[in-house]
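What follows is each chain in one-letter form.
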2 protein chains.
Amino acid sequence: MTISLSAELWPEVQPDAARRLMLAGVESFARRGYHATTTRDIASAAGMSPAALYVHFPSKAALLFAISKSGHQQTLDLVEDVAKRADEPRERMRRIVADFVAWHARRHTVARVVQYELQALPEQEYQVVADLRRRIEHLVRGVIEDGVAQGQFVVADVKTAARAVLSLGVDVARWYSERTGKTPKALGREYADLTLRMLGAQP
Amino acid sequence: MTISLSAELWPEVQPDAARRLMLAGVESFARRGYHATTTRDIASAAGMSPAALYVHFPSKAALLFAISKSGHQQTLDLVEDVAKRADEPRERMRRIVADFVAWHARRHTVARVVQYELQALPEQEYQVVADLRRRIEHLVRGVIEDGVAQGQFVVADVKTAARAVLSLGVDVARWYSERTGKTPKALGREYADLTLRMLGAQP
């Protein structure tokens, strides 16, 4: 179970021991916060020795960076994948929100760590992640600008609108749980409709 | 400065020493997380001895509860204040969002602790806060239902719509900073327009 979950969360990470440590890190950080978690806690949650952890991650900060970078890269990939399509802006926005919201609902524990422990990253690592965040915002702004140019969207301020679109999706990670009674996919579809209306389009 | 800030944040709390401890708690929890902060850290940030802290709060959890309860009570008060007016639903929603968003922007550090450290509350205290949260959601849903009944709003699912309205406001605390270049009040107004459109009304 644990092994297949970590492989599902980080298919791009090898070997499996590194993924298991990332999963143990996510669980520990989500439960007690980054600062209250030791590398010993994480290693033991992954069934390894602290020395084995250092083989894969030189520090607790390096582990957090791996989790944070991967989470941001995955969301950037899904936004990029849709943003560059030839579809009309309304359709691109619908897919971006549906995918982005479903990602944050499905991976809500990972997403919470990714979103709430940003300040704990060392400066250089923070800049790498901040750059991924800027690229995500930039793509979303681009779709809104296209929609405004083509008369599909009406917004007072593109920057605020893009922020609100992403904010709605990110916050899903805070409140979503398995008890929500709505699948990530269904929630993504509903949020896509809400967002399109927010941007002045008819869903 | 510190004294006047704590008095502004918690006008209902007495004496001033208790407010200073709450402010020191907010700053410490925001920086390092609840679990990594000791009562000694908080007392020393407030310029007091740990013994002096215990005069006002019997435990770190009691301090977190005071911060969390007060934050939720303040937001409930502002939502309640508007929700019970005789204004039409569109106008009530506009004011609720404007006030709720401005509160989360202005008090973003307090709001982050209030929103992100909920799980650290002991069960009984958690239930008190959860009840305040349910009352806030209930009021927002009521305004949406009124708007739907009067033909001002069109939503697919009232519960999801209420969740999205509050979610947009809460997430402001995560990303807002003094460098945002927009006052809490101006942001509140823009978000009110975005929200009204999201609910199918014309701003």
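The shown structure was predicted, so the numbers you read here are calculated from the model rather than taken from an experiment.

Novice: Got a minute to help me understand the relation of the copies chain B and chain A in this structure?
Specialist: Each of the two chain copies goes to the other by way of a rotation about an axis and a shift along it. Mapping chain B onto chain A calls for a rotation angle of 180° and an axial translation of 0.0 Å; the resulting RMSD is 0.0 Å. Classification of the inter-copy transformation places it as that of a two-fold axis. A share of 100% of the interface residues of chain B reappears at the interface of chain A, consistent with the copies meeting face to face through the same patch.

Novice: Could you clarify how one ought to interpret empty space enclosed by the protein in this entry?
Specialist: The gaps left among the atoms become clear once a water-sized probe is rolled over them. Residues and elements named next belong to chain A. Scanning the entire structure with this criterion turns up one cavity of 30 Å³ or more. Of the volumes computed, that of the largest cavity is approximately 40 Å³. Among the elements that make up the lining of the largest cavity, the one with the highest residue count is helix α5 (residues 60-83) (three residues). Across the lining of the largest cavity, the residue classes tally to four nonpolar, three polar and one charged.

Novice: Honestly, the pattern of salt bridges in this entry has me stumped. Any pointers?
Specialist: One side chain can pair with another of opposite charge once the charged atoms of both are near each other. For the coordinates displayed, the defined rule picks out 23 salt bridges over all chains. Residue Glu91(A) is joined to Arg94(A) by a salt bridge in which the shortest nitrogen-to-oxygen separation is 3.6 Å. Taken together, the residues span about one helical turn, with Glu91(A) and Arg94(A) both in helix α6 (residues 89-106) at a distance of three residues. With its nearest N and O atoms 3.6 Å apart, the salt bridge here joins Lys182(A) to Asp157(B). Remark: Asp157(B) occurs in the loop between α8 (123-149) and α9 (158-175) and Lys182(A) occurs in the loop between α9 (158-175) and α10 (184-198); the pair is interchain, linking two chains. Three or more residues are tied together by salt bridges with common partners; here these are Glu91(A), Arg94(A), Arg95(A) and Asp193(A).

Novice: Just to check I follow, could you spell out the domain arrangement of chain A for this structure?
Specialist: Size of an interface: often given as the accessible area lost when the parts come together. All names here are of chain A. The assigned domain composition of chain A is domain 1 (2-58) and domain 2 (61-198). The distance between the C-alpha centroids of domain 1 and domain 2 comes to 25 Å. Across the boundary between the two partners, domain 1 contributes 16 residues, which contact 14 residues of domain 2. Counting each side, the surface lost to burial between domain 1 and domain 2 is near 1,400 Å², with a carbon and sulfur contribution of 74%. Linking domain 1 with domain 2 are zero salt bridges.

Novice: I tried to follow the nonpolar core on my own but got confused; where do I start?
Specialist: Met93(A), Val140(A), Ile144(A), Tyr191(A), Met93(B), Ile144(B) and Tyr191(B) are the most contacted members of the largest nonpolar core, which totals 79 residues. No other element matches the eleven residues that α9(B) contributes to this core. In this structure Ile144(A) touches Met93(A), Phe153(A), Val155(A), Val158(A), Ala161(A), Ala162(A), Val165(A) and Leu199(A), once residues within four positions along its chain are discounted. Judged by nonpolar contacts, the second largest core, of 30 residues, contains Ala18(A), Ala43(A), Met48(A) and Val110(A).

Novice: Looking at this model, I keep getting lost on a negative patch on the surface. Mind explaining?
Specialist: A cluster of acidic side chains, namely Glu12(A), Asp77(A), Asp81(A) and Asp99(A), defines a negative patch on the protein surface. Locating Asp81(A) in the fold gives a position in helix α5.

Novice: Quick question: what am I supposed to make of the interface of chain B and chain A here?
Specialist: Contact residues are listed per partner, giving 31 residues for chain B and 31 residues for chain A. Summed over both partners, the interface of chain B with chain A buries about 2,700 Å², with 53% contributed by carbon and sulfur atoms. Put simply, chain B and chain A have ten residue pairs in polar contact (both at pLDDT 80 or more) between them. Looking at which element gives the most residues to the side of chain B that touches chain A, the answer is α9(B), with nine residues. Its residues assigned to classes, the side of chain B that touches chain A comprises 14 nonpolar, six polar and eleven charged.

Novice: Hey, could you run me through the layout of surface pockets in this one?
Specialist: Residues and elements named next belong to chain B. Here the second largest pocket defines a volume of roughly 270 Å³. Counting residues per element, the ones that place at least two in the lining of the second largest pocket are α1 (2-9), α2 (16-32), α6 (89-106) and α7 (108-116). Each of domain 1 (2-58) and domain 2 (61-198) accounts for three or more of the residues forming the lining of the second largest pocket.

Calculation rules
Residues numbered from 1 in each chain as written. Chains lettered and ligands numbered in written order. Predicted model: local features only at pLDDT ≥ 70, side-chain atom pairs only at ≥ 80, totals over all residues. Heavy atoms only, no water. Least-squares fit on C-alpha atoms with pLDDT ≥ 70 in both. Contact = heavy atoms within 4.5 Å. 1 Å grid on protein atoms, 1.4 Å probe; cavity = no way out; pocket = protein on both sides within 12 Å on 5 of 7 lines; lining within 4 Å. Points joined across faces, edges and corners; volume = space filled by probe spheres on them. Helix = DSSP H or I, 4+ residues; strand = E, 2+ residues; numbered from the N terminus. Nonpolar A, V, L, I, M, F, W, Y, C, P; charged D, E, K, R; others polar. Salt bridge = Lys/Arg side-chain N within 4 Å of Asp/Glu carboxyl O. Domains from an automatic or database assignment. Buried area = accessible area lost by both parts, 1.4 Å probe. Core = buried A, V, L, I, M, F, W, Y, C linked by side-chain atoms within 4.5 Å. Buried < 20%, exposed > 50% of the residue type's maximum accessible area, 1.4 Å probe, protein only. Patch = residues over 30% accessible without salt bridge, like charges linked within 9 Å, V, L, I, M, F, W, Y side chains within 5 Å. Areas by Shrake-Rupley, 256 points an atom, 1.4 Å probe, with all protein chains shown as cover. Lys, Arg positive; Asp, Glu negative; His and termini not counted. Charge placed at Lys NZ, Arg CZ, Asp CG, Glu CD. Polar contact = N/O pair within 3.5 Å; in protein donor to acceptor, adjacent residues only side chain to side chain.

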